[in-house]
Structures are given as C-alpha cells and as structure tokens.
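# Analysis of the macromolecular model
The lines below spell out each chain.
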Amino acid sequence: MTMSNHIPGYLAAIAATVIACAVAVFAANAMVDPMWYFGGNKLGTVNYAFNERLSKVNLFEANDGEYDCVIFGDSRVTLLPQDEIEGYRCFNFAFSAGKAQEAVAYAQYLRGKGFRPDLVIMGVPGAAFRERIGGTNIPSFIRDETAPKSAYLTYLSFDTLSMSEQTLFGESPLDRVYTRNFKCRVAPGAPEYDPSVPIRDLMAGRFTGSHRVKFYDELREIFPEAELVGYVPPISAWAIDAYAKAGWLEDYTKALHLASQKFDRFVDFGVPSALTIDTANTYDGTHYSEPANSIIAASLLAEKHGDALDLKQLSAKEMLTIYRKRLERYRPELEAGLEN
C-alpha cells in the first residue's frame, strides 16, 4: 500500500480534529459567554466586562421587548442599579469612558431597531465638559446600524477563549463586575479611597466645553416620546474642594447647570454632602458603592432628593452658592481627610 492510499485517512483525521477543537472552543466560550450573547456566565457567579460596548448590545437584543427605559453614561453610571428604578424596566447601557456623543449613536441604533422607551436616564459628570476630552469609540455596527458580529464567529476564537479562562480563573479587567442578573458591583479587592491621594486626571482641564450640551438635544430628538432625566453622579467632596481651590468651581457648576436645562428632570448628586464626604462610599473618589447608588436610584424620580440638588429649581448662581456653603460646612472633614 502506497503513502497516497493513507492521505484520505490523514485528511479525515485532521478534519475531525479541527472540527472537534472548534466545537470544544465554541462550547467553552458559549458556557462562560464573556460577550453575553447567551445570557452570561453559566459556570460561575460573575460576568466580567471585557467589551461593554458590544456585550451590552448582545444582552439587550437577547431580551428584546422587555424594556421601557434606558440608562446611558460612563463607568460611574454602570453602577446605577437598573432594577431599582421604580415603575420602569430599565436597561443600563452605560459603559467605560462613555460619552454623550456615544449615547446619541447608541440611541439612534436602538431607535432603528424599533425601541421606544418611556424613560431615558443620562449620567452627566462634570468631566463631560472639560476643554478637551478623549475621542469616541463607537463600533462600526452601531454607526452603520447593522447587526453585531455573530456569536458563532466570535466564539470560535482563541482570543475569546482566553477571556473565558480569565473569567473562570483570573481577575476582573476592571474594578467592576456584573452579577448573574447583570447588576454592576464593585469588584472584590477594589482599593480603599484615600482623599490625600489625588484622583487620576482630576485636574485634566477646565470645564469650558459646555458646547457639548447639544448632544442632549439630539438625544431628545431621537426619543421625543420619553421623559428625559439627567443626573450628576457623586464625586468626592475633596475633588470639588480641589476645583474650588483652583478657581474652577464656577465653570464646573455653570456647565452642569446649562446641561440641566436640556432635561425634564435633573438631580445633582455630586454636590458636597454626607454621601460624598464619607470615604467608605467610594473606592476611588468617582465610582460609588452599591448602597450609594441604591440611594440615587430610589430618589432620582422622587419629589425630594435628600442632600442632592434639583437643578431645575435653582439658578446657576444659587447652585454655586450652595456648593461653596457645603464646602465650608464640611471643612473640618475635608482638612482631616488630607492629613491621613
């Protein structure tokens, strides 16, 4: 028997091996589901955020028709518990470094899919109005309003397999993780906040980019039927004090007040308060704990907001005055925190 007689058998064996490997890779990835095509991790209790811009689309489309509310924003807003917005079925579409321009692109994509929410919630941090901000990262399928990459292609990848392995045996790529029902949580082992250590990029630029409020007008045009609610996520009182000492506080409050006029409701949870002077509520001064965000969810649509400010009821001058008075109220705590 010549070698040529064995070739078909060799090829068949190679083909069978390749197919078996592909099936095994796909099955492992599908069970861990790091891109959330099939409802997330079936082999563990947490889902890591490898690519929220894609995975959240997959999760939303897998549950199409279940929602009447959508939440947009950056990583701070991912921690807002969507299931605690009373009276609505919300989907939290916030993602790391999310910007208003990106929210508009995602809103247009969702509108094209027939989504008509009754409520749109937008996190509006002061950092959105710095003189210069980073560029956007809008996936091509969002821009083109086409379908995301198929799970069958994504999960045949060894790159995705490495994400599955990391989910099962490694650490989260972020200081945030998602539960089985996709509520965002602070990851175990997140650092403790020390006010004496400067927040990264805290003084990255003045708040003179108020022209970006135009994106909130575009958001309203896309979802004209929805109530548009904005809020300022909490930020460390020491950060606000740093802005005041640098002479930036007036620009900061002016930009946020201007943004508030684009919304039907707008609540500022970033004003110095019992929430933001308590270092136990945050691990870095900008990302706040689950209990803190539960307080926000419970009061966001309420008539009263505790120590937070209803900017629809205040002038820009009144807002600035309150900020300055709050800083003086908490001056002893602010000074003590810097001595640690």
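This is a predicted model, so every value here is computed, not measured.

Of regular secondary structure, the protein possesses 13 helices and 9 strands. Counting every position in the protein, which comprises 340 residues, the buried fraction comes to 50%. Partitioning the contacts of the protein with sequence separation of at least 6, the portion at a separation of at least 24 is 79%. On the protein, roughly 15,900 Å² of surface is accessible, and the fraction owed to carbon and sulfur atoms is 54%.

A word on the packing of aromatic side chains. According to the stated counting rule, one finds 29 aromatic pairs in the structure shown. Judged by centre distance (5.6 Å) and plane angle (55°), the rings of Phe93 and Tyr106 are tilted. With Phe93 in the loop between β3 (90–92) and α4 (100–112) and Tyr106 in helix α4, the pair connects residues that are 13 residues apart, well separated along the chain. Phe93 gets classed as buried once you look at its relative accessible area, which sits at 1%. The exposure class assigned to Tyr106 is buried, which follows from its relative accessible area of 1%.

One non-glycine residue, Trp36, lies in positive phi territory at about 65°. If you trace the backbone, Trp36 turns up in the loop between α1 (3–32) and β1 (46–47). The class of Trp36 is buried, set by a relative accessible area of 1%. Positive phi values are uncommon outside glycine, yet Ala97 reaches one of about 60°. If you trace the backbone, Ala97 turns up in the loop between β3 and α4.

Turning next to a nonpolar patch on the surface. Residues Met31, Leu43, Leu168 and Phe169 make up a contiguous nonpolar surface patch of about 430 Å² in total accessible area. In this structure, Met31 sits in helix α1. According to the relative accessible area criterion, Met31 is partly exposed, its value standing at 38%.

Counting 76 residues, the largest nonpolar core has Phe72 and Tyr252 as the members making the most contacts within it. For this core, the element with the most residues is α4, which contributes 8 residues. Counting residues in each nonpolar core, the second largest holds 17 residues, with Tyr231, Val267, Ile296 and Leu300 among its members.

Tracing the sequence through the fold places Glu227 in strand β7 (residues 227–232). It is 22 Å that separates the C-alpha atoms of Glu227 and His211, two residues lying 16 residues apart in sequence. Polar contacts involving the side chain of Glu227 include one to the side chain of Arg265, which spans 2.8 Å.

Rules behind the numbers
- Residues numbered from 1 in each chain as written.
- Predicted model: local features only at pLDDT ≥ 70, side-chain atom pairs only at ≥ 80, totals over all residues.
- Heavy atoms only, no water.
- Helix = DSSP H or I, 4+ residues; strand = E, 2+ residues; numbered from the N terminus.
- Buried < 20%, exposed > 50% of the residue type's maximum accessible area, 1.4 Å probe, protein only.
- Contact = heavy atoms within 4.5 Å.
- Areas by Shrake-Rupley, 256 points an atom, 1.4 Å probe, with all protein chains shown as cover.
- Phe/Tyr/Trp six-rings, centres within 6.5 Å; stacked < 30°, edge-to-face > 60°.
- Patch = residues over 30% accessible without salt bridge, like charges linked within 9 Å, V, L, I, M, F, W, Y side chains within 5 Å.
- Salt bridge = Lys/Arg side-chain N within 4 Å of Asp/Glu carboxyl O.
- Core = buried A, V, L, I, M, F, W, Y, C linked by side-chain atoms within 4.5 Å.
- Polar contact = N/O pair within 3.5 Å; in protein donor to acceptor, adjacent residues only side chain to side chain.

Honestly, it's all geometry; don't read function into it.
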